[in-house]
Amino acid sequence: MAITLTQGCLLAIMAVICGIDFWLEGLYIFRPIIVASLTGLILGDPVLGMMCGGFCELAFAGLTPAGGTQPPNPVLAGVMSVVIAYTTKTEAAGAMALALPFSFLMQYIVLFCYSAFSVFMAKADEAAKQADCATIVRINVLCTAIVAVLYGVVVFLCAYVAQDAMKSLVESLPAWLSHGFEIAGGVLPAVGFAMLLKVMFKKEFLPFLLIGFVMACFITFSNLLPEAIIGLACALFVYNVEQTREKDIKEAISHVSVAGAEGENNGI
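This one's a predicted model, so the numbers in the text were calculated from it and none came from an experiment.

Asks: Explain the overall build of the protein to me, using residue names and the numbers behind them.
Replies: From N to C terminus, the protein includes twelve helices and zero strands. N-terminal to C-terminal, the α/β element order of the protein is α-α-α-α-α-α-α-α-α-α-α-α. Of the contacts formed within the protein by residues at least 6 apart in sequence, a portion of 74% connects residues at least 24 apart. Summing over all exposed atoms, the protein offers an accessible surface of approximately 15,800 Å²; the carbon and sulfur share of this is 71%.

Asks: Kindly report on the side chain of Asn 73, identifying the contributing residues and their values.
Replies: Within the fold, Asn 73 resides in the loop between helix H3 (46-59) and helix H4 (74-88). In terms of polar contacts, Asn 73 uses its side chain to reach the backbone amide nitrogen of Leu 76, at 3.1 Å. For Asn 73, the contacting residues outside a window of four places in its chain are Phe 22, Phe 60, Ser 103, Met 106, Gln 107, Val 110 and Tyr 151.

Asks: Report on the packing of helix H2 (residues 32-43) against H3, specifying residues and quantitative values.
Replies: The geometry of H2 relative to H3 is characterised by a closest axis approach of 7 Å and an angle of 160° between their N-to-C directions. When the interaxial angle is binned, H2 and H3 end up roughly antiparallel. Of the two elements, H2 crosses H3, and the hand of that crossing is right-handed. The residues of H3 that touch H2, namely those facing Pro 32, Ile 33, Ala 36, Ser 37, Gly 40 and Leu 41, are Pro 46, Gly 49, Met 50, Cys 52, Gly 53, Gly 54, Cys 56 and Glu 57. When its residues are assigned to classes, the contact of H2 with H3 shows eight nonpolar, five polar and one charged.

Asks: Outline the packing of aromatic side chains, supporting the account with residue identities and numerical values.
Replies: Applying the stated rule across the entire model yields six aromatic pairs. When the centroid spacing of 5.9 Å and the interplanar angle of 85° are considered together, the rings of Trp 23 and Phe 117 count as edge-to-face. Of the two residues, Trp 23 is situated in helix H1 (residues 5-24) and Phe 117 in the loop between helix H6 (100-116) and helix H7 (121-129); the sequence distance between them amounts to 94 residues. In this structure an aromatic cluster arises from ring pairing among Trp 23, Tyr 114, Phe 117 and Phe 120.

Asks: So what about the UniProt feature "transmembrane region" (unreviewed entry) in the protein? Which residues, and what values?
Replies: What UniProt calls "transmembrane region" (unreviewed entry) maps, in this numbering, to residues 29-60, 94-120, 141-163, 183-201 and 208-239. The span residues 29-60 is 81% helix and 0% strand, and its two end C-alpha atoms sit 14 Å from each other. Between the C-alpha atoms that bound residues 141-163 the distance is 32 Å, and the span itself is 96% helix and 0% strand.

Asks: Which residues make up unusual backbone geometry, and what values go with them?
Replies: Negative phi characterises most residues that are not glycine, and trans characterises most peptide bonds. Despite not being glycine, Tyr 28 shows a phi value in the positive range, around 60°. Inspection of the secondary structure puts Tyr 28 in the loop between H1 and H2. Judged by relative accessible area, which is 39%, Tyr 28 ranks as partly exposed. Although it is not a glycine, Ala 131 sits at a positive phi angle of roughly 55°. By secondary structure assignment, the location of Ala 131 is in the loop between H7 and helix H8 (133-161).

Asks: Describe the nonpolar core, with residues and values.
Replies: Core analysis: the largest hydrophobic core is formed by 41 residues, its most contacted members being Leu 76, Met 80, Val 83 and Tyr 151. Looking at this core, the elements that each hand over two or more residues are H1, H2, H3, H4, helix H5 (92-98), H6 and H8. In terms of residue count, H4 provides more of this core than any other element does, nine residues in total. With residues near it in sequence (within four places) discarded, Tyr 151 still touches Ala 15, Val 16, Gly 19, Phe 22, Asn 73, Val 75, Leu 76, Met 106 and Val 110.

Asks: Tell me about H4, and please be specific about residues and values.
Replies: Taking 1.5 Å as the rise per residue, H4 with 15 residues should run 21 Å; its terminal C-alpha atoms sit 21 Å apart, in good agreement. For H4, the buried fraction is high: 15 of the 15 residues fall into the buried class. Residue Asn 73 occupies the N-cap position of H4, its side-chain oxygen lying 3.1 Å from the main-chain nitrogen of Val 75. Trailing H4 by a residue or two, Lys 89 shows a phi angle of about 60°, which is positive.

Thresholds, definitions, all that
- Residues numbered from 1 in each chain as written.
- Predicted model: local features only at pLDDT ≥ 70, side-chain atom pairs only at ≥ 80, totals over all residues.
- Heavy atoms only, no water.
- Helix = DSSP H or I, 4+ residues; strand = E, 2+ residues; numbered from the N terminus.
- Contact = heavy atoms within 4.5 Å.
- Areas by Shrake-Rupley, 256 points an atom, 1.4 Å probe, with all protein chains shown as cover.
- Polar contact = N/O pair within 3.5 Å; in protein donor to acceptor, adjacent residues only side chain to side chain.
- Axes fitted to C-alpha atoms, helices over the stretch in contact; angles between N-to-C directions.
- Parallel < 35°, antiparallel > 145°, perpendicular 65-115°, else oblique.
- Left-handed = near helix turned anticlockwise from the far one by under 90°.
- Nonpolar A, V, L, I, M, F, W, Y, C, P; charged D, E, K, R; others polar.
- Phe/Tyr/Trp six-rings, centres within 6.5 Å; stacked < 30°, edge-to-face > 60°.
- UniProt positions renumbered as here; feature names shortened; annotations may be inferred.
- Buried < 20%, exposed > 50% of the residue type's maximum accessible area, 1.4 Å probe, protein only.
- Core = buried A, V, L, I, M, F, W, Y, C linked by side-chain atoms within 4.5 Å.
- Expected span 1.5 Å × (residues − 1).

As structure tokens, this is what we get:
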């Protein structure tokens, strides 16, 4: 299916908004699950958008900006995975893998902006010395506006202008290579979770991880709601245990303090 000019413009506007949010990290609407869902709504296929968004979100679960480092761009990954799946009828997993080059492209554009915007630093430092808040605000607004325009232009060019070339390229891929992209797209969510666990993993939560793994692999569910409810129950259990332990510690400290005060009063 083809993307119309109106849809291309709407995608560009959405990319501008999500790109600003990614630049400022304010509302977190730049996450692939949201971006892809909005893209699906614009293209008239919300189910496809949520499917692609789910794959992208899992793959990007452990990829977040830290300091000056930039991960592959989640906005372009979310948009282009849906666009590729919509225009070429590729499976969601394969479309997500094919969208990664666009994600890398925007990653390098953002990194270039980081370097290029250093020219404003001298003026910003001077304005800070003079307590010139208006100049600092103008510099920040200008930099954000440049990034926002770049998001809109890149998404419009990739999603609308280049859609025929992109469709021809995907259709020309041999079957074994297309299947390879689907396999890679299916593996990437596991890689994303592994990167997330590398940061968040705690050995005391290993039993819950094993329980979830067994449930996901060996129990057939029509949806993820049962797993979500069991996960919530486990979280509430850990929370209640921690609350009880903190209460016991506070009571023990209180008893020790009272005993110490009584001892001092008795001249001990």
